[in-house]
Amino acid sequence: MYPVLDKRTTGRRIRRLMDARGISVKDVQQYLGLACVQSVYHWLDGSSMPTLDNIYALSELLQEPVDAMLCGNRRFKKPESLRPSGAYGGRAESYYKLIQNVPGLSGGIRMVFFPQAEL
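Here's what I pulled together on the structure shown here. In this text, all values refer to a predicted model and were calculated from it rather than measured experimentally.

1. Looking at the overall build of the chain
Broken down by element type, the chain carries seven helices and zero strands. Taken from the N to the C terminus, the helices and strands of the chain come in the order α-α-α-α-α-α-α. Here the analysis covers contacts within the chain between residues at least 6 apart in sequence; of these, 51% occur between residues at least 24 apart. Carbon and sulfur atoms make up 55% of the accessible area of the chain, which totals about 8600 Å².

Next up, the structure:
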C-alpha cells in the first residue's frame, strides 16, 4: 500500500500540540506570516494540509519533530541494527562497548550508564 497522510488526524494532532503549549491559531498565523487564520483552521479541521515549509516551521514553533505532527498509514519495521540487543538497549550498549577499552573511562562510564553492571 502506498503511504498516505491522514489530513484529519494530522490536524487533530497539531491542535493537541498547540493546546499543550498554549499556542493559539493567531500565534501560528503570525509566526508563519500567513495573511489570515483561515489556512490554519483548514489544517486543524482536516480540509487541507500545511505546505512542507509550514510543517517544518510548525515543528520549530511546537518544539516537536515533523514525524510527531504527521499521521498516516505508513507502517514499517525498525531495522534489526536499530533494535535493542541486550539488557540495556542497543544504542547505549553499543556506546559502552566502544568506550570500554579506552583507558581511564570505562569504570566511570559504566557506573553512569550501567549502574547494575558488574564491576
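2. Looking at the side chain of T10
Residue position: T10 is located in helix α1 (residues 7-21). A distance of 2.8 Å separates a polar side-chain atom of T10 from the backbone oxygen of D6. If sequence neighbours within four positions are ignored, T10 has contacts with M49, M69, L70 and C71.

3. Some thoughts on the layout of surface pockets
Considered as a void within the structure, the largest pocket measures approximately 220 Å³ in volume. Lining of the largest pocket is provided by eleven residues; of these, L5, L70, C71, G72 and R74 occupy positions nearest its centre. Residue composition of the lining of the largest pocket, grouped by class: six nonpolar, two polar and three charged.

4. Overview of the packing of helix α2 (residues 25-32) against helix α4 (residues 52-62)
Where α2 meets α4, the closest approach of the two axes is 11 Å, and the angle between their N-to-C directions is 120°. By the angle between their directions, the pair α2 and α4 is classed as oblique. Considering only the axes of α2 and α4, their crossing is right-handed. Of the residues in α4, those touching α2 at V28, Y31 and L32 are N54, A57, L58, E60 and L61.

5. Description of the environment of N73
Looking at the element boundaries, N73 is found in the loop between α5 (66-69) and α6 (90-99). A relative accessible area of 28% places N73 in the partly exposed class. Those residues in contact with N73 that sit more than four places away from it in its chain are M1, Y2, P3 and V4. Within the structure, N73 has its side chain in polar contact with the backbone nitrogen of V4 (distance 2.6 Å).

Each value, and the rule that gives it
Residues numbered from 1 in each chain as written. Predicted model: local features only at pLDDT ≥ 70, side-chain atom pairs only at ≥ 80, totals over all residues. Heavy atoms only, no water. Helix = DSSP H or I, 4+ residues; strand = E, 2+ residues; numbered from the N terminus. Contact = heavy atoms within 4.5 Å. Areas by Shrake-Rupley, 256 points an atom, 1.4 Å probe, with all protein chains shown as cover. Polar contact = N/O pair within 3.5 Å; in protein donor to acceptor, adjacent residues only side chain to side chain. 1 Å grid on protein atoms, 1.4 Å probe; cavity = no way out; pocket = protein on both sides within 12 Å on 5 of 7 lines; lining within 4 Å. Points joined across faces, edges and corners; volume = space filled by probe spheres on them. Nonpolar A, V, L, I, M, F, W, Y, C, P; charged D, E, K, R; others polar. Axes fitted to C-alpha atoms, helices over the stretch in contact; angles between N-to-C directions. Parallel < 35°, antiparallel > 145°, perpendicular 65-115°, else oblique. Left-handed = near helix turned anticlockwise from the far one by under 90°. Buried < 20%, exposed > 50% of the residue type's maximum accessible area, 1.4 Å probe, protein only.

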